[in-house]
Amino acid sequence: MSLLPRLLPRLWAFKFRLLNIAILSVVAGFLGAFSLIAFKPIIEVMFYQPGEAIEGPQVSPLAPPEDAGSPVIPLPSKIAEKVQFYKNLVQNYVAGHQEAAKQWMLHNKVHALILIGIILLVAQALGAYIKYVVEVMTAKIGLGIQKDLKDELFEHIVRQDMPFFSRTSTGQIMARLQNDTRKVQRMLMDFTGSTVIDFFNVIGLLCVLLYLSPRLTIYAAVTLPILGGLFYFTGRAIRKLSDKAEEHDAGVFHVSQEALSGIAVVKAFGADGHEVKRFKQATAQTNRRLLTLQRVQGFVGPANDFLSTLAVVLTLVMGGILFLGDRNYLGPDFQTADFTIYLLAITRFYRPIKGLLKLNVTYHRGMASLARIYRIMDIQPTILDAPDAVDLPDRTPRVEFHGVTFAYPRRRNPQPVLENFNLEVEPGEVVALVGPSGAGKTTLINLICRFYDVQEGVVRIAGHDVRHLRQRSLRDRIAIVPQETFLFNDTIHENIAYGRTDATRAEVEQAARLAHAHHFIAALPDGYDTVVGERGGKLSTGQKQRLAIARALLKNPTILIFDEATASLDAETERQIRDSMRLICRGRTTFIIAHRFSTVMMADRIVVLENGRIVEQGSHETLYEAGGLYARLCNIQGIFVDTPPEATLSGHPSRSLANGLG
Ligand SMILES: Nc1ncnc2c1ncn2[C@@H]1O[C@H](COP(=O)(O)OP(=O)(O)OP(=O)(O)O)[C@@H](O)[C@H]1O
Ligand SMILES: [Mg+2]
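Every chain begins its residue count from 1, and numbering advances along the sequence as written. Each chain is given a letter, starting from A, and each ligand a number, starting from 1, according to the order in which they appear as written. Totals for whole chains, interfaces and linings use every residue, but because this is a predicted model, local features are given only for residues with pLDDT of at least 70 and side-chain atom pairs only at 80 or more, for both listing and counting. As a rule here, side-chain values cover all heavy atoms of the structure and leave hydrogens and water aside.

Regarding the overall build of the protein chain
From N to C terminus, the protein chain includes 25 helices and ten strands. For every residue, the accessible area (1.4 Å probe, protein chains only) is compared with the maximum for its type, and the residue is labelled buried under 20%, exposed over 50%, or partly exposed between those bounds. Split into buried and exposed, the 662 residues of the protein chain put 47% on the buried side. Restricting the contact set of the protein chain to residue pairs at least 6 apart, pairs at least 24 apart contribute 77%. Carbon and sulfur atoms provide 59% of the accessible area of the protein chain, an area that totals close to 32,800 Å². A run of H or I in DSSP becomes a helix once it reaches four residues, and a run of E becomes a strand once it reaches two; helices and strands are each numbered from the N terminus. Working rule for contacts: check all heavy atoms of both residues, and any pair within 4.5 Å makes them a contact. Residue-level accessible areas treat just the shown protein chains as cover; the underlying method is Shrake-Rupley with a 1.4 Å probe.

Comments concerning the sheet that holds strand S7 (residues 559-563)
Whether two strands pair comes down to DSSP finding at least two bridges between them. Ordered in space as S6-S7-S8-S3-S9-S10, the six strands form an open sheet in which the pairing is mixed. Each edge of the open sheet is held by one strand with a lone partner, namely strand S6 (478-481) and strand S10 (613-618). Shown here is a sheet whose adjacent strand axes are inclined to one another by a mean of 20°, direction ignored. The pairing of S7 with strand S8 (residues 589-593) spans five bridges and is classified as parallel. Orientation is described by lines fitted to C-alpha atoms, with helices fitted over the stretch in contact, and by angles between N-to-C directions that extend from 0 to 180 degrees.

Describing a positive patch on the surface
The patch calculation keeps residues exceeding 30% relative accessible area without a salt bridge and links them within 9 Å when they carry like charges or within 5 Å when they are nonpolar (Val, Leu, Ile, Met, Phe, Trp, Tyr). One speaks of a salt bridge when a side-chain nitrogen belonging to Lys or Arg is within 4 Å of a carboxyl oxygen belonging to Asp or Glu. Charge counting treats Lys and Arg as positive and Asp and Glu as negative, with His and both chain ends excluded. Lysine's charge is taken at NZ, arginine's at CZ, aspartate's at CG and glutamate's at CD. Taken together, the side chains of Arg236, Lys240, Lys244, Arg288 and Arg289 present a region of like positive charge at the surface. Looking at the positive patch, the elements with two or more residues in it are helix H11 (224-261) and helix H13 (272-325). Top contributing element to the positive patch by residue count: H11, with three residues. Locating Arg236 in the fold gives a position in helix H11.

Structural notes on the nonpolar core
If you look at the biggest cluster of nonpolar residues, it comprises 50 residues, and the most contacted ones within it are Ile496, Ile521, Leu547, Phe562, Met581, Ile606 and Tyr630. A per-element tally of this core places helix H21 (residues 541-554) first, with seven residues. Of all hydrophobic cores here, the second largest spans 35 residues; its members include Leu418, Val431, Cys449 and Leu474. Here the nonpolar core consists of buried residues drawn from Ala, Val, Leu, Ile, Met, Phe, Trp, Tyr and Cys, with membership extended through side-chain atoms lying within 4.5 Å.

Digging into the packing of helix H8 (residues 170-192) against H11
Running from amino to carboxyl end, H8 crosses H11 at an angle of 130°, the nearest separation of the two axes being 8 Å. It follows from the interaxial angle that H8 and H11 lie oblique. For the element pair H8 and H11, the recorded crossing hand is right-handed. Counted together, Thr170, Gly171, Gln172, Met174, Ala175, Arg176, Gln178, Asn179, Asp180 and Lys183 of H8 and Glu246, Glu247, Asp249, Ala250, Phe253, His254 and Gln257 of H11 form the full contact between these two elements. Classifying every residue of the contact of H8 with H11 gives four nonpolar, seven polar and six charged. For classification purposes, angles smaller than 35 degrees are called roughly parallel, those larger than 145 roughly antiparallel, those between 65 and 115 roughly perpendicular, and all remaining angles oblique. By the definition used in this description, the sense in which the near helix is turned from the far one sets the handedness, with an anticlockwise turn below a right angle giving left-handed and a clockwise turn giving right-handed. Three classes are used: nonpolar for Ala, Val, Leu, Ile, Met, Phe, Trp, Tyr, Cys and Pro, charged for Asp, Glu, Lys and Arg, and polar for all others, with Gly counted as polar.

Describing the side chain of Lys183
Locating Lys183 in the fold gives a position in helix H8. What Lys183 contacts, discounting residues up to four positions off in sequence, is Glu246, Arg365, Gly366 and Ser369.

Points about the environment of Met318
You can see Met318 is positioned in helix H13. Taking relative accessible area as the criterion, Met318 reaches 24% and is therefore assigned partly exposed. The sequence separation of Met318 and Ala220 amounts to 98 residues, and the corresponding C-alpha distance is 9.4 Å.

Here we look at the site of ligand 1
As a matter of local geometry, ligand 1 sits amid 13 residues, with Ser437, Lys441, Thr442, Thr443 and Gln483 nearest to it. Between ligand 1 and the protein, one listed contact pairs an oxygen atom with a side-chain N or O atom of Thr442 at 2.6 Å. Starting from 630 Å² of accessible surface for ligand 1 in isolation, the protein chains cover 68%. Looking at the shell around ligand 1 residue by residue, the class counts come to four nonpolar, seven polar and two charged. In these notes, residues near a molecule or strand are those with any non-hydrogen atom within 4 Å of it. Any pair of N or O atoms that falls within 3.5 Å is considered a polar contact. Within protein, one atom must be able to donate a hydrogen and the other to accept it, and sequence-neighbouring residues count only if both atoms are side-chain atoms.

A closer look at the packing of aromatic side chains
Only centres within 6.5 Å qualify two rings of Phe, Tyr or Trp (six-membered ring in Trp) as a pair; their planes then separate them into stacked at under 30 degrees, edge-to-face at over 60, and tilted for everything else. If you walk through the whole model with that rule in mind, you get eleven aromatic pairs. Here the aromatic rings of Phe488 and Tyr498 are separated by 4.4 Å at their centres, their planes lie at 20°, and the arrangement is stacked. You can see Phe488 sitting in the loop between S6 and helix H18 (492-496) and its partner Tyr498 sitting in the loop between H18 and helix H19 (505-514), a full ten residues away along the chain. Using a relative accessible area of 33% as the deciding quantity, one classes Phe488 as partly exposed. Here the aromatic residues Phe406, Tyr408 and Tyr452 are joined through ring pairs into a cluster of three or more.

Quick look at the structure:
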């Protein structure tokens, strides 16, 4: 889809401001151009030769134009009269009685110079003020649209589904959010700002040139088609090159973000040098691209300078030759002053054009950025609420997998992680998922949360296909203690209350007690108001994990998932949490993924996975006695069947091995 129709509604929101800018720009642009004309009388006055005839009626500026013929009156002494005098003078001049005004000026040269100086200054000051106002208004538009774009883009990205994040790097996202929105802003500001003034300035100057001498203007305009070509071709090249440069810039973001977020690993492996090298490579690549871009961009200014000089020289030489020959060929009554003003105008003519050429650069870079932004904006999440989606009921749900086949999207060889997978979990049951690394345990959880959609089969929660549940309600009722704890750089209270921002301190504390986190939190100088540092860096992994457990419990979910949630706890804390498990799991369908079999043993049912298939399931005793994979894994950890059997957590009867085998 073309980009302009998408940009216009955003600009339309600022229509009145834009209208103001347009009006002011016309005024400022023309003012700049036409104030040049004021130089003409100065030249005429300064270079007046006494022998030169002054045509037209002799008229005093104090008298109305009709009173032509009255004698020249000297300048009045009172201020009010002086003002009136000058006003009449200017009126006379503007009304076409230049000769009368010139008469007066010749008799009052110094006053005339001062007057014209004041006029020029006022025009300049007015122009400068308008430019300032336009600049501010423009900034409001540019920054406003940039903010909206950034906000929308961030919301759009955050609302994307997990497959999106699997294939998009953080660097790319950061580059879109930061660099590209800024380039669009710069483009809009340049467009609506001084460049509009430049545009009308060019038009105004062209009018002045044509007014002074249409014929000479033909010579002066010879270079314009070349400039047009320059405009067109550099624009195209810039858009293409800018795209490549930005992609490499995203690479720089990517490398730095990766290195800094994994700084502990970088340090531990002494990989500082490696990361610096990677970063340097990325910046060097970006630089190469930017240099190519700069070659094109940098060409524009000097080319314009050269072409403008060419135009001036052409005007000077051709105009000079014609002026020396037949002045009237250049224009009726073409005088020295006209020629001088003409030269002044032609040198000024190319200055705003330079601004317009620069705009061409920011325009194309901005449009390339806008295209990249919309490339992301156009990605629609594939995991959407069905039109007839319902809320997940607020009771302890049954969780079922029926004939589920699933592979992660966009992998080179999409080998299914799960194939024709079946599992039924009763409401309130506590199921442990065990098995070697990569068996597909976390994948099962991802499917329950509908982070991904299955390719075949169905995942049902409380009898509903997850694809027919509102995602919001589904996620509201599920709490995960993930494999990798993520804490925000905020207080402990805020981190625990992350899923329930309305929670009171008492509720937060209760959850923390259940997670056996209260003691260590209370021992911190600021207690629950302690800020945990970036990613919770000021806490130990076990402490972070307990906060994650508290966070999950505070949500009061009906489906509770522990993915290696106790892996980083010391044996004592783990035992304490195990003791609280009965309370924690009550009234919830619970999944516990654990490599530590001491935790697993208490589940109502243990499901042993290998390569995405259920190889065994049952209670700890039955599985151990069966002597299969589970028993082997137990033996490795030194856990035996005669380890004092603890009661299962929910009190559910252990289910038989045959039930639900995949
Ligand atoms: N986001 C992903 N994109 C592509 N493939 C993935 C993704 N996550 C996991 N996989 C692949 O799916 C398979 C199962 O992974 P899963 O995370 O479910 O294993 P797991 O049983 O949880 O292992 P562990 O005990 O190590 O956590 C693995 O082969 C893994 O490479
Ligand atoms: Mg896992």
